[in-house]
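For reference, the chains in residue letters:
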Amino acid sequence: MHLSRLAEEIIIWCSAPFGFIKLSDAFTTGSSIMPQKRNPDAAELTRGKTGRIVGAFVALCTMLKGLPLTYGKDMQEDKEPLFDAADSLELGVAAMAGMARDLKANPARMRTVASADYSVATDLADWLVREINLPFRQAHHVTGRLVGIAADKGVDLDKLSLAEMRAVEPRIDRGVYRVLTVEASVKARKSLGGTAPANVARAVKEARRRFLGRSKGSAR
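Remember, it's a predicted structure, so these values are computed and weren't measured experimentally.

Trainee: Hey, could you run me through the nonpolar core in this one?
Mentor: Across soluble globular proteins, nonpolar side chains show a tendency to be buried alongside one another. Counting residues in hydrophobic clusters, the biggest one holds 23 residues, and the most contacted among them are L128, L146, L157, I172 and L180. Of all elements in the fold, only α5 (121-132), α6 (136-153) and α7 (162-168) reach the threshold of two or more residues within this core.

Structure below.
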């Protein structure tokens, strides 16, 4: 299931509307009708194999559900789904590991999408609560009005002037601009599982320790 979900992300990220990553010819094939396409076949097959593996699991559970404890001859039927699932999983792990090494990210495109649709509005509301002690309900209302003004002008929140912001909430000061960037928003999420770079670095080290046997102090 985890491999399938990651494969789905890769398929979406490779698609033209997203364009977050690119896979080489080693993990993609051309379309039979559209020569410009690069189909992420390895990811699609990994996602598809999940149905086969889940089917094997259901088959085994169905075979076992009516058996009393210890061995029944029914259990000779476990070999085919078990071995097939193991082979499919091994192939999926290899394909996903290869795609992870192969993919090339497009940070500029990712940043453009991350900053779209007033994604830092929550950071603005949090700032209003934290810095000028507005109740969140009121901060939510103020932020909504400012987003509306920015949308009418066709600009991002950080492009509104201080005078425009103060016309909605007079206590806003220039400090607000420090939170109105994608970078600031990412860095602000420091709780467990948050997106702050230090959090991500710790998670990477722990993953390397668990799965690759590397020490916590190893940065590479």
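Trainee: Would you explain unusual backbone geometry in this entry?
Mentor: Keep in mind that most residues, glycine aside, have a negative phi and that most peptide bonds are trans. Despite not being glycine, T70 shows a phi value in the positive range, around 75°. In this structure, T70 sits in the loop between α2 (41-64) and α3 (79-102). The residue D117 is not glycine, and still its phi comes out positive at about 60°. Of note, D117 is situated in the loop between α4 (107-114) and α5.

Trainee: I would appreciate a short explanation of the pattern of salt bridges in the present structure.
Mentor: Where charged atoms of side chains with opposite charge meet at close range, the side chains can pair. Within the structure shown, the criterion is met by 11 salt bridges. Salt-bridge contacts for D84 lead to R52; the nearest nitrogen and oxygen are separated by 2.8 Å. You can see D84 sitting in helix α3 and its partner R52 sitting in helix α2, a full 32 residues away along the chain. Residue D84 is classed as partly exposed on the basis of its relative accessible area, which comes to 24%. Note on R52: relative accessible area 45%, which makes it partly exposed. Close ionic contact of D123 with R189 constitutes a salt bridge, the shortest N to O distance being 2.4 Å.

Trainee: Sorry if this is basic, but what is going on with the side chain of T50 here?
Mentor: If you trace the backbone, T50 turns up in helix α2. By relative accessible area, T50 is classed as buried at 13%. One polar contact links T50 to S4, side chain to side chain, over a distance of 3.5 Å.

Trainee: Mind showing me how you'd approach the environment of R38 here?
Mentor: In this fold, R38 is placed in strand β3 (residues 38-39). Expressed as a C-alpha distance, the spacing of R38 and A105, which sit 67 residues apart in the sequence, is 16 Å. Excluding residues that lie within four positions of it along the chain, R38 makes contacts with K22, L23, S24, D25, T28 and T29. One polar contact links R38 to D25, side chain to side chain, over a distance of 3.1 Å.

Trainee: Help me out: how do you make sense of the environment of D158 in this one?
Mentor: In this structure, D158 sits in the loop between α6 and α7. Assessed through its relative accessible area of 26%, D158 is described here as partly exposed. Along the backbone, D158 and L124 are 34 residues apart, and their C-alpha atoms lie at a distance of 10.0 Å. Once residues lying within four places of it in the same chain are set aside, the contact partners of D158 are Y177 and L180.

Definitions and cut-offs
Residues numbered from 1 in each chain as written. Predicted model: local features only at pLDDT ≥ 70, side-chain atom pairs only at ≥ 80, totals over all residues. Heavy atoms only, no water. Core = buried A, V, L, I, M, F, W, Y, C linked by side-chain atoms within 4.5 Å. Buried < 20%, exposed > 50% of the residue type's maximum accessible area, 1.4 Å probe, protein only. Helix = DSSP H or I, 4+ residues; strand = E, 2+ residues; numbered from the N terminus. Salt bridge = Lys/Arg side-chain N within 4 Å of Asp/Glu carboxyl O. Polar contact = N/O pair within 3.5 Å; in protein donor to acceptor, adjacent residues only side chain to side chain. Contact = heavy atoms within 4.5 Å.

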